[in-house]
Amino acid sequence: MVDVVLIHGFPLDATMWDSQVAALTAAGHRVLTPEVGGLGESAVPAAPADIAAMAQQVVDAMTDAGWDQAVMGGLSMGGYVAFAMLRVAPHMVSALVLMDTKASADDPARRQTRRDTAAHVRREASTEALARSMPASLLSASSLQGNPELAESVAGRIRAADPEAVAWCQEAMATRPDSLTTLRSAGALPALVLCGEDDAVTPPADHAQMVAALRDAGGNPQFVIIPGAGHLAPMEQPELVNEVLSAFLNGTASD
Ligand code: MLT
């Protein structure tokens, strides 16, 4: 059985993994879902906004749990944290699960948008505007039409997020370095790269780039596109994602 860490996306929390935690623990795996960046129950790091500070929160959670090493999984911002783990504590990473994320850094326009968002949520002391706008870009058209309860529950999570945490995370993501270089020097780590077919935030092409970088490092990553899902594939198509994830973890355990 395998120890696996799953790091949530922005501006969500560990509850986004509820279905994966249920399926994987029922199969005998141990799952840790640390919350980072002030989201969920976590504290906003005292350190300046930086993805490395979120990786340190993952290191602390693993240390508290008595874990030396785990399969490191993350969705979107959680993927950025997984890349930072390869820089901050590579010995703690036995394999990678990269979901709906990308390894390139932001361009200047995207950085500015993040800083504008951070300033806005601080000024308003509210995440209401994000709760109204984000679900439409995070979820696929089929989820939005066929699963309005999911759209509402994603909006609810965003509404509940601490505005200061949201601002801190945006600033941390804005300064994140390119991680394609990190992946190219990661060695032949087992890796699963998974993407919703209709992910408009980090489309399949971003995942193909990560797959190529992992191959450059000597690895043989699995690349899976999940139909009927956008940027939140594990929430939109939990059964399909659980099946793919379980098969990967069982293969990793038997390596
Ligand atoms: C996420 O889902 O974590 C965000 O879309 C990441 C980002 O803003 O780059």
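The residue count restarts for each chain, going from 1 along the sequence in the order it is written. Under the rules for a predicted model, residues below a pLDDT of 70 receive no local features and side-chain atom pairs below 80 are neither given nor counted, while totals for whole chains, interfaces and linings still include all residues. Water and hydrogen atoms were dropped before computing side-chain values, which therefore reflect all heavy atoms in the structure.

Trainee: Mind laying out the overall build of the protein, listing which residues take part and the relevant values?
Mentor: Helix and strand content of the protein: 12 helices and 6 strands. Relative to its length of 255 residues, the protein is compact, with a C-alpha radius of gyration of 17 Å against a globular reference of 18 Å. If you line up the protein on its principal axes, its C-alpha atoms span 50 × 40 × 35 Å. Burial classes: relative accessible area under 20% of the type maximum marks a residue as buried, over 50% as exposed, and values in between as partly exposed (1.4 Å probe, protein chains only). Relative to its full complement of 255 residues, the protein shows a buried share of 54%. What makes two residues a contact is simply this: any of their non-hydrogen atoms within 4.5 Å. Excluding contacts between residues fewer than 6 apart, the proportion of contacts in the protein whose partners are at least 24 apart in sequence is 75%. Total accessible area on the protein is roughly 10,100 Å²; 52% of this is exposed by carbon and sulfur atoms. For the charge count, each Lys or Arg is scored as positive and each Asp or Glu as negative, with His and the chain ends excluded. Charge placement uses NZ in Lys and CZ in Arg. For Asp and Glu, CG and CD serve respectively. One way to put it: in the protein the 15 positive side-chain charges average out to a point 8 Å from where the 30 negative ones average out. Secondary structure follows DSSP: runs of H or I at least 4 residues long count as helices, runs of E at least 2 residues long count as strands, and numbering of each begins at the N terminus. Values of the radius of gyration come from C-alpha atoms, whereas the globule rule sets the reference at 2.2 Å times the count of residues to the power 0.38. Note on areas: Shrake-Rupley with a 1.4 Å probe; residue coverage comes only from the protein chains shown.

Trainee: Can you tell me about the site of the ligand, naming the residues and giving the values?
Mentor: The cutoff for a nearby residue is simple: one of its non-hydrogen atoms must lie within 4 Å of the molecule or strand. Gly9, Phe10, Ser76, Met77, Tyr80, Arg110, Arg114, Met173, Val201 and His231 make up every residue found near the ligand. Distance and chemistry together define a polar contact, namely a pair of N or O atoms within 3.5 Å, with one atom able to donate a hydrogen and the other to accept it when in protein, and with adjacent residues in sequence counting only for side-chain atoms on both sides. In this structure, an oxygen atom belonging to the ligand sits 2.6 Å away from a side-chain N or O atom of Tyr80. Relative to its unbound accessible surface of 270 Å², the ligand loses 95% to contact with the protein. Counting only elements with at least two residues in the shell around the ligand, the list comes to α3 (77-88) and α4 (108-124). Ten residue types, Ala, Val, Leu, Ile, Met, Phe, Trp, Tyr, Cys and Pro, are classed as nonpolar, four, Asp, Glu, Lys and Arg, as charged, and the remainder, Gly among them, as polar. When its residues are assigned to classes, the shell around the ligand shows 5 nonpolar, 3 polar and 2 charged.

Trainee: Summarise the pattern of salt bridges; cite the residues concerned and give the values.
Mentor: We define a salt bridge as a side-chain nitrogen of Lys or Arg found within 4 Å of a carboxyl oxygen belonging to Asp or Glu. Enumeration over the complete set of coordinates arrives at 9 salt bridges. Between Arg159 and Glu128 there is a salt bridge, and its shortest N-O distance comes to 2.8 Å. Placement of the pair is Arg159 in helix α7 (residues 148-160) and Glu128 in helix α5 (residues 128-138), with a sequence separation of 31 residues. Glu152 is the salt-bridge partner of Arg159, the closest N and O atoms lying 3.7 Å from each other. On the basis of relative accessible area, Glu152 is assigned to the partly exposed category, the value being 49%.

In short, the description is geometric, and any link to function would need to be established separately.
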